[in-house]
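# Summary of the model geometry
These are the residues of each chain, in order.
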Amino acid sequence: MKKIFKSLVIIIILTSCKTKNNGFTITGHIEGIKDSTLIKLYDIDRQSKIDSTYSSNEDFTLTGKVETPTGCWIQVNGQSTTIQVENVEMTFKSKINNLRVDSKVTGGKEQELQNELKKLQKPHDIIYLGAYDSLMNKKYTNDVEKQKLIKRFNESQSTSHDIYVYFGKQHPDSYLGLKIIYMNRKSIPKDSLKFIYQNLKTPFKGTTTAKALEIFLYEEVAKTDSKYIDFTAKTIDNNNFKLSSLKNKYIYLNFWSAGCLPCRMENRFLSKNFDGIPNDLSIVSFSIDKNLESWKKASAADNISWYNVSDFEGGEGAVKSRYGVQAIPTSFLIDKEGIIIKKFSGFDPNKNLIDALKKVMNENKQR
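Here's what I pulled together on the structure shown here.

Definitions and limits used
Residues numbered from 1 in each chain as written. Predicted model: local features only at pLDDT ≥ 70, side-chain atom pairs only at ≥ 80, totals over all residues. Heavy atoms only, no water. Salt bridge = Lys/Arg side-chain N within 4 Å of Asp/Glu carboxyl O. Helix = DSSP H or I, 4+ residues; strand = E, 2+ residues; numbered from the N terminus. Buried < 20%, exposed > 50% of the residue type's maximum accessible area, 1.4 Å probe, protein only. Phe/Tyr/Trp six-rings, centres within 6.5 Å; stacked < 30°, edge-to-face > 60°. Lys NZ or Arg CZ within 6 Å of the ring centre and 35° of its normal. Pairing = 2+ DSSP bridges. Axes fitted to C-alpha atoms, helices over the stretch in contact; angles between N-to-C directions. Disulfide = S-S within 2.5 Å. Contact = heavy atoms within 4.5 Å.

Another point: the pattern of salt bridges. The tally for this structure, following the rule as stated, stands at nine salt bridges. In this structure, the salt-bridge partner of D45 is K290, at a minimum N-O distance of 3.1 Å. With a gap of 245 residues between them, D45 in the loop between β2 (38-43) and β3 (48-54) and K290 in the loop between β12 (281-287) and α10 (292-301) connect regions that are remote in the sequence. Assessed through its relative accessible area of 26%, D45 is described here as partly exposed.

This is the structure in structure tokens:
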């Protein structure tokens, strides 16, 4: 009986160890950093920190677990570089002065693809980052040199982006490739997108990215002069919300996130000028944050006092996809009949948003 008990204990211990270690470990070295330098691993999609640590002798270790291969930033001293985190042993090596371009990373299959993409982009990234540095630090003697730098920056960045999109289309059956395709869906012909989607292998066709792409391709997408698309969501206080519950009101539906600076500027403008908002206009801020704490912190900081909702599905959520939102902030002004009468892209701090809304509403009332 004692032998059986000891065997059970050993099995439990071994099982516990195995469960504890089924995440990822990133063993890193960054040449040129001081001891106790803060290093963060940041989930790009969720816009939240996965882990952080302090360096010792230029070394560091980051650990955690991801549900699926996840695009992340390694952040240090105001710099960042992208890696693909999977639940495997990973290594990271770089010099602090060339973190974005010259970091060397080993990991799983997705990181291998990231390395391949980075190698293709590197010559062009070096050019546009160099031009950017010269422009920001005014390393030019006259306007002619400045214009040359601007041209060099634009051309090299455009080429790097073209390589990025083409790479995604060449590797659709990967988390990295599919993410690139979805993020650039509006610049890729729909017949090409349909071919890619229809030929996705089974594991990838079930991902949230593929489902969002399916909505974009085959379902009704909100557009100006058409009926709004109703949805249900949760308020920041975990109450149920339905867009169609707002009766006899104009609606300003705004898609935003905690990590979007222009979005935050718009929130604060609306908060500061809330008394000037027409009585027959309801504001609905739709957060695409997956992280509740990030959403709550940003909402409190921006003093959001109007409808504040989310589906917690992130940048590939069904509601965002059905409204055809790619970049944020993107907003829609909906009239009392439920017709989308205006789409707003971005936020311009030099223009009065409330005046713009009043103008469109008045024109709509006079029809």
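Here the narrative resumes.
Right, let's talk about the packing of aromatic side chains for a bit. Geometrically, a pair of aromatic rings is defined through the distance of the ring centres and the angle of the planes. What the rule picks out here adds up to 18 aromatic pairs. Summarising the aromatic geometry, the rings of Y175 and F204 are spaced 5.3 Å apart at their centres and angled 65 degrees between planes, so their arrangement reads as edge-to-face. A residue pair is termed long-range when its members are at least 10 positions apart, and Y175 in helix α5 (residues 175-183) and F204 in helix α7 (residues 202-205) qualify at 29 residues. For F204, a relative accessible area of 14% translates into the label buried. With a centroid separation of 5.2 Å and an interplanar angle of 45 degrees, the aromatic rings of F255 and F286 are classed as tilted. Linking F255 in strand β11 (residues 250-256) with F286 in strand β12, this pair joins segments that are 31 residues apart in sequence. Three or more aromatic residues joined by ring pairs form one cluster here, namely F231, F241, F255, F286, Y307, Y323 and F332. The positively charged end of K205 is found above the aromatic ring belonging to Y197, 4.8 Å away from the centroid.

Moving on: the sheet that holds strand β8 (residues 104-106). What the four strands build is an open sheet, ordered β4-β1-β7-β8; its pairing is mixed. Strands at the two margins of the open sheet, each flanked by one partner only, are β4 (59-64) and β8. The sheet shows a mean angle of 15 degrees between the axes of neighbouring strands, taken without regard to direction. Where strand β1 (residues 24-31) lies against β4, six bridges are found, and the strand directions are antiparallel. Bridge assignment links T25 to a residue of β4, and that residue is T63.

Now for the state of the cysteines. Within this structure, the stated rule accounts for one disulfide. Two residues share a disulfide in this structure: C260 and C263, whose sulfurs sit 2.3 Å from each other. Looking down the S-S bond of the C260 and C263 bridge, the torsion is 75 degrees, so its handedness is right-handed. Residue classification places C260 among the buried positions, given a relative accessible area of 8%. Given a relative accessible area of 0%, C263 falls into the buried group. For the unlinked cysteine C72, the closest cysteine sulfur is that of C260, found at 20 Å. Overall, C72 belongs to the buried group, its relative accessible area being 0%.

Relative to the helices and strands, S94 is located in strand β7 (residues 89-95). With near-sequence residues (within four places) excluded, S94 lies in contact with H29, I30, E31, L99, D102 and S103.

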